[in-house]
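A structural walkthrough
Chain residues, written in single-letter form:
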Amino acid sequence: MKYRLAINGYGRIGRNILRAFYERPELQKIFDIVAINEPADIGTMAYLTRFDSVHGRFPGKVSYTDNRLLINNHSVVISHVGDPDELNWHDLNIDLLLECSGTFKSCSTAQHYLDAGPRRLLFSQPAEANVDKTIIFGCNDHLLTAKDYIVSNGSCTTNCIIPILMLLHKHFKIEKGVTTTIHSAMNDQPVIDAYHNTNLRLTRASMQAVIPVETKLSKGIERILPELEGRFCSVAIRVPTINVSLIDLTVHLATNTDRKQINNLFRNAAQCDTNQSVMGYTDEPHASVDFSHDEHSVIIDGTQTQVSNGSLVKIICWFDNEWAFSNRMLDTARVWLEKCCNSMF
């Protein structure tokens, strides 16, 4: 028996989830993607599935009828509903809805989607604190149970930084820290100056400027690692690239260390079998484009590790903010649904 998935919102993450599914044969033995809800017309959906400015051509066949995408001869039901109360998926036997619209984060709205047929919902963004769980795959996915119905997969930045902080805190104890996210431009930014956002910085042309933006990454850190509450502050900056981001992490440790010890810690963690989809490590001279389509949640750049006076540590953490997070959505879905299935026996 395969688990049946649906996607709500077929933008950058929704389309990359579908691509990742078709690029990972092992997942095709576990899942079927049976439905997508997206306001855009189906012809445009098919076109943007076939061609992608970041990730290239889709490695398969894509066509469509009036209300179905046909992908490698597999049929996906398409709807264009904005109000979840108008959505009817009861006949599709959907095990899990991947909520990728990015437009809401509340349990109350999620429940409207569940009322349309899906048994469970996984947010592709940070959600309100009263969801059943916030999961960072590879860090706390063991906490998922069959009793969870509305779960958040965190953000691309929490998926990047949490594995690093867990390791550092375990081995050296973190006293305090700062994160600076250098993030590629996103679809809430215009190509040229425009009146589309009440945040004045987000009215400015995305490809012409380096733009500071708000971030709640420090709150996300506290939610997953409550022992670090009050110890972090975070800033974020958008830059004129279309994919791959990094986090510049600075931490003050309780235990003295050196550059070699820090790099060995992350190198060994990256080589561990259980971490291979989550953590990568490099000591080569890379640029951001080298990590496009890299499925790791985080890649430590050992060439940039610095230690000042034994306890002040700076680490550069690369991540493909689209591809890695989309793969983590599928990984979380697999672990969660397998636990639900096992609980039945």
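For the structure, check the block above.
Scope of this entry: the structure provided in the associated data block. Throughout, residues of each chain are indexed from 1 in the direction in which the sequence is written. Since the coordinates come from a predicted model, pLDDT governs what is reported: local features require at least 70, and pairs of side-chain atoms require 80 or more to be given and counted, while whole-chain, interface and lining totals use all residues. Side-chain numbers come from the whole structure's heavy atoms, not from hydrogens or water.

1. Describing the pattern of salt bridges
Once the charged atoms of two side chains with opposite charge are near each other, the side chains can pair. Salt bridge, as used here, is a side-chain nitrogen of Lys or Arg placed within 4 Å of a carboxyl oxygen of Asp or Glu. Counted under the stated rule, the structure contains 12 salt bridges. As a salt-bridge pair, arginine 328 and aspartate 331 come within 3.0 Å of each other at their nearest N and O atoms. Placement of the pair is arginine 328 and aspartate 331 together in helix α8 (residues 323-342), with a separation of three residues, close to one helical turn. Partly exposed describes any residue whose relative accessible area lies between the buried limit of under 20% and the exposed limit of over 50%, with all areas from a 1.4 Å probe on protein chains only and scaled to the type maximum. Take arginine 328: its relative accessible area is 0%, and that puts it in the buried class. Overall, the relative accessible area of 1% leaves aspartate 331 in the buried class. Members of the salt-bridge network, linked through shared partners, are Arg24, Glu26, Arg328 and Asp331. Numbering of helices and strands runs from the N terminus; a helix is a DSSP stretch of H or I covering at least four residues, while a strand is a stretch of E covering at least two.

2. Some remarks on the packing of aromatic side chains
Each aromatic ring pair is summarised here by two numbers: the centre-to-centre distance and the angle between the ring planes. Geometry of aromatic contacts follows a simple scheme: Phe, Tyr and Trp rings, the Trp one being its six-membered ring, pair when their centres are within 6.5 Å, and the pair is stacked under 30 degrees between planes, edge-to-face over 60, tilted otherwise. Taken as a whole and assessed by the stated rule, the structure comprises seven aromatic pairs. For the ring pair tyrosine 3 and phenylalanine 31, a centre distance of 6.4 Å and an interplane angle of 55° mean the geometry is tilted. Taken together, the residues tyrosine 3 in strand β1 (residues 3-8) and phenylalanine 31 in strand β2 (residues 31-37) connect sequence positions 28 residues apart. As far as burial versus exposure is concerned, tyrosine 3 and phenylalanine 31 are alike and both buried. Taking the centre distance of 5.3 Å and the plane angle of 0° together, the rings of phenylalanine 104 and tyrosine 113 count as stacked. What links up through ring pairs into an aromatic cluster is the set Phe21, Tyr22 and Phe58.

3. Observations concerning α8
In this model α8 runs 29 Å from its N-terminal to its C-terminal C-alpha over 20 residues, within 8% of the 28 Å that 1.5 Å per residue would give. Most of α8 sits inside the fold, with 16 of its 20 residues counted as buried. How far a helix is expected to stretch is found by multiplying one less than its residue total by 1.5 Å.

4. Regarding the sheet that holds strand β4 (residues 68-71)
Judged by pairing direction, the sheet is mixed, and its nine strands sit side by side in the order β3-β4-β5-β2-β1-β6-β7-β9-β8 without closing on themselves. Each of the sheet's edge strands pairs with one partner strand only, and the pair in question is β3 (62-64) and β8 (133-134). For two strands to be treated as a pair, DSSP must find no fewer than two bridges joining them. One ladder, built from three bridges, connects β2 with strand β5 (residues 74-79); its direction is parallel. Note on β5: the bridge partner recorded for asparagine 37 is serine 79. Two residues form a contact once any of their heavy atoms are found within 4.5 Å. Orientation is described by lines fitted to C-alpha atoms, with helices fitted over the stretch in contact, and by angles between N-to-C directions that extend from 0 to 180 degrees. Against the sheet, helix α3 (residues 42-50) makes contact with β2, β3, β4 and β5, and its axis sits at roughly 175° relative to β3, the strand it touches most.

5. Structural notes on the environment of serine 292
The residue serine 292 is located in the loop between β14 (279-282) and β15 (298-301) in this model. Since its relative accessible area comes to 29%, serine 292 is described here as partly exposed. Sequence spacing of serine 292 and histidine 80 is 212 residues, and the spatial spacing of their C-alpha atoms is 30 Å. Discounting residues that sit within four places of it in the chain, serine 292 has contacts with Val54, Asn243, Val244 and Asp320.

6. Overview of the side chain of serine 155
Looking at the element boundaries, serine 155 is found in the loop between β9 (150-152) and α5 (156-172). Given the relative accessible area of 14%, serine 155 is considered buried. Those residues in contact with serine 155, other than ones at most four positions away along the chain, are Pro126 and Phe325.

7. Notes on the layout of surface pockets
Its volume calculated, the second largest pocket comes out at about 220 Å³. Of all the secondary-structure elements, those providing two or more residues to the lining of the second largest pocket are α5 and α7 (259-271). When residues in the lining of the second largest pocket are grouped by element, the largest group, four residues, is from α5. A pocket, in this scheme, is an open set of points on a 1 Å grid over the protein atoms alone with protein on both sides within 12 Å along at least 5 of 7 lines, while a cavity is a set where a 1.4 Å probe fits but cannot get out; residues line either one if an atom lies within 4 Å of a point. Grid points are joined across faces, edges and corners, and a volume is the space filled by probe spheres set on the points.

8. With respect to the environment of aspartate 258
Within the secondary structure, aspartate 258 is located in the loop between β13 (245-253) and α7. Given the relative accessible area of 40%, aspartate 258 is considered partly exposed. In the structure, aspartate 258 is positioned 27 residues away from arginine 231 in sequence and 22 Å away in space, judged by C-alpha atoms. In protein, a polar contact means a hydrogen-donor-capable atom and an acceptor-capable atom, both N or O and within 3.5 Å, with residues adjacent in sequence counting only if both atoms are side-chain atoms; elsewhere, any N or O pair within 3.5 Å suffices. At 2.7 Å, the side chain of aspartate 258 and the backbone nitrogen of glutamine 261 are in polar contact.

9. What to know about the nonpolar core
For our purposes a nonpolar core is just a set of buried Ala, Val, Leu, Ile, Met, Phe, Trp, Tyr and Cys residues, chained together by side-chain atoms within 4.5 Å. Counting residues in hydrophobic clusters, the biggest one holds 79 residues, and the most contacted among them are Phe31, Leu69, Leu98, Leu165, Leu168 and Phe266. The element best represented in this core is α8, accounting for 10 residues. Sequence-distant contacts of phenylalanine 266, that is, excluding residues within four places in its chain, are made with Ile164, Leu167, Leu168, Met279, Tyr281, Ile300 and Ile315. Listed in part, the 21 residues of the second largest apolar core include Leu92, Phe104, Ala110 and Tyr113.

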